[in-house]
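# Commentary on secondary and tertiary structure
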Amino acid sequence: MIRETASLQAAAIAALRECDPIAKCSLTRDMAERWRRRRLSLSAQRMAMVPERPGRPDKPVLVPPNRVPRRSLSSASGKAALLHSIAHIELNAVDLALDIIARFAIVRMPRSFHDDWVRVADEEAKHFALVNSRLGDFGSTYGDFPAHDGLWETAQRTGHDLRARLAVVPLVLEARGLDVTPSILRQMEALGDEETARVFRVIYEDEKGHVAVGAKWFRFLCHREGLEPDGEFRRLVREHFRGPLKPPFNELARARSGVTPGFYRALSSAGT
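Residues numbered from 1 in each chain as written. Predicted model: local features only at pLDDT ≥ 70, side-chain atom pairs only at ≥ 80, totals over all residues. Heavy atoms only, no water.

### With respect to the overall build of the protein
For the protein, the count of helices and strands is ten helices and zero strands. Reading the secondary structure of the protein in the N-to-C direction produces α-α-α-α-α-α-α-α-α-α. For a compact globule of 272 residues, the expected C-alpha radius of gyration is about 19 Å, and the protein comes in at 18 Å, within 12% of that figure. Along the first, second and third principal axes, the C-alpha atoms of the protein reach 55 × 50 × 30 Å. Going through the 272 residues of the protein one by one, you find that 52% of them count as buried. If you take every contact in the protein between residues at least 6 apart in sequence, the share linking residues at least 24 apart comes to 81%. Accessible surface for the protein amounts to roughly 12500 Å². Of this, 53% is attributable to carbon and sulfur atoms. Averaging the coordinates of the 42 positive side-chain charges in the protein and doing the same for the 35 negative ones gives two points 3 Å apart. (Helix = DSSP H or I, 4+ residues; strand = E, 2+ residues; numbered from the N terminus. Rg over C-alpha atoms; globule rule 2.2 N^0.38 Å. Buried < 20%, exposed > 50% of the residue type's maximum accessible area, 1.4 Å probe, protein only. Contact = heavy atoms within 4.5 Å. Areas by Shrake-Rupley, 256 points an atom, 1.4 Å probe, with all protein chains shown as cover. Lys, Arg positive; Asp, Glu negative; His and termini not counted. Charge placed at Lys NZ, Arg CZ, Asp CG, Glu CD.)

Pasting the structure below:
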């Protein structure tokens, strides 16, 4: 039996601090269920102890991004390496959603903002479980391959500003998933790996909604403060994200999620 926690913020912090990935995801999904059942309050402490780094296991070993090896997807070890990298991304995504819930609980926002981010955290925890389970089918588990810490390092640069966090995490990092996942799906289908393809389909469909959540609340904050969303997005990305945004872009999926080309084309490495 998981101990009751009085507030949504406290429940999110408890999950953030948990080091074991399986337990972290269990706490996250339990938090979401209790929130849906109105068993958690919105009370928040301005000085709450939101950790600067989430709890993590001893493995995987974290290395610079250029030292994470790439392998051919035609081999079982190559598929396992890909699944491990996706599991690492999804675990980071769980922590990033929890961090938004906990860190920005004191920001005056409609209750539906918290509803949305609890759902995002819940779905990211589901994604980690799906990917880790499929990874087990290849005889591996999370921690068996090296990974990098770039996602959390990016998030740390936006801990002071909800607009910046929304611009960088859902509208840059998660939107990138909309660009690359269809290609991975096609490769899995071409290799006849329907089980892995099914996992990626679930992630892809959910991630469209996550980007849409980010776009909705980014626009909400901009309009509330009299800012033009496209220009404010470009300003924040230039300030808080290192390097250009890389094409090709899945323009249709991005637009359906509320991220129109006016947001990102001027930031592209293609210069369009």
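### Section: the packing of aromatic side chains
Geometrically, a pair of aromatic rings is defined through the distance of the ring centres and the angle of the planes. Under the defined criterion, the tally for this structure stands at seven aromatic pairs. On the numbers, 5.4 Å between centres and 85° between planes, the contact of Phe113 with Trp217 is edge-to-face. Separated by 104 residues along the polypeptide, Phe113 in helix H4 (residues 111-137) and Trp217 in helix H7 (residues 194-224) bring together distant segments of the chain. By relative accessible area, Trp217 is classed as buried at 4%. Ring geometry for Phe233 and Phe263: centres 5.2 Å apart, planes at 55°, overall tilted. Here Phe233 is found in helix H8 (residues 229-240), whereas its partner Phe263 is found in helix H10 (residues 261-264), with 30 residues between them in sequence. Pair check on accessibility: Phe233 and Phe263 agree, each one buried. An aromatic cluster is present here, built from Phe113, Trp217 and Phe220 joined pairwise through their rings. (Phe/Tyr/Trp six-rings, centres within 6.5 Å; stacked < 30°, edge-to-face > 60°.)

### Digging into the pattern of salt bridges
What the rule picks out here adds up to 27 salt bridges. Where Asp30 meets Arg34, a salt bridge forms, and the shortest distance between an N and an O atom there is 2.8 Å. Placement of both Asp30 and Arg34 in helix H2 (residues 21-36) is noted, with a separation of four residues, approximately one turn of the helix. Given a relative accessible area of 21%, Asp30 falls into the partly exposed group. Using a relative accessible area of 4% as the deciding quantity, one classes Arg34 as buried. For Glu33, the salt bridge is made with Arg36, and the minimal N-O distance between the two is 3.3 Å. Of this pair, Glu33 and Arg36 both sit in helix H2, three residues apart, which is roughly one turn of that helix. Residue classification places Arg36 among the partly exposed residues on the basis of a relative accessible area of 47%. Look at the salt bridges and you will find they share partners, linking Arg163, Glu225, Glu232, Arg235 and Glu239 into a network. (Salt bridge = Lys/Arg side-chain N within 4 Å of Asp/Glu carboxyl O.)

### Considering the side chain of Glu174
Among the structural elements, Glu174 can be located in helix H6 (residues 162-190). Despite its burial, Glu174 pairs with no opposite charge; the closest candidate is Arg119, at 9.6 Å N-O. Not counting residues up to four positions away in its chain, the partners in contact with Glu174 are Glu124, Val169, Glu207, His210 and Val211.

Without other data, these values stay purely geometric and don't point to any function.
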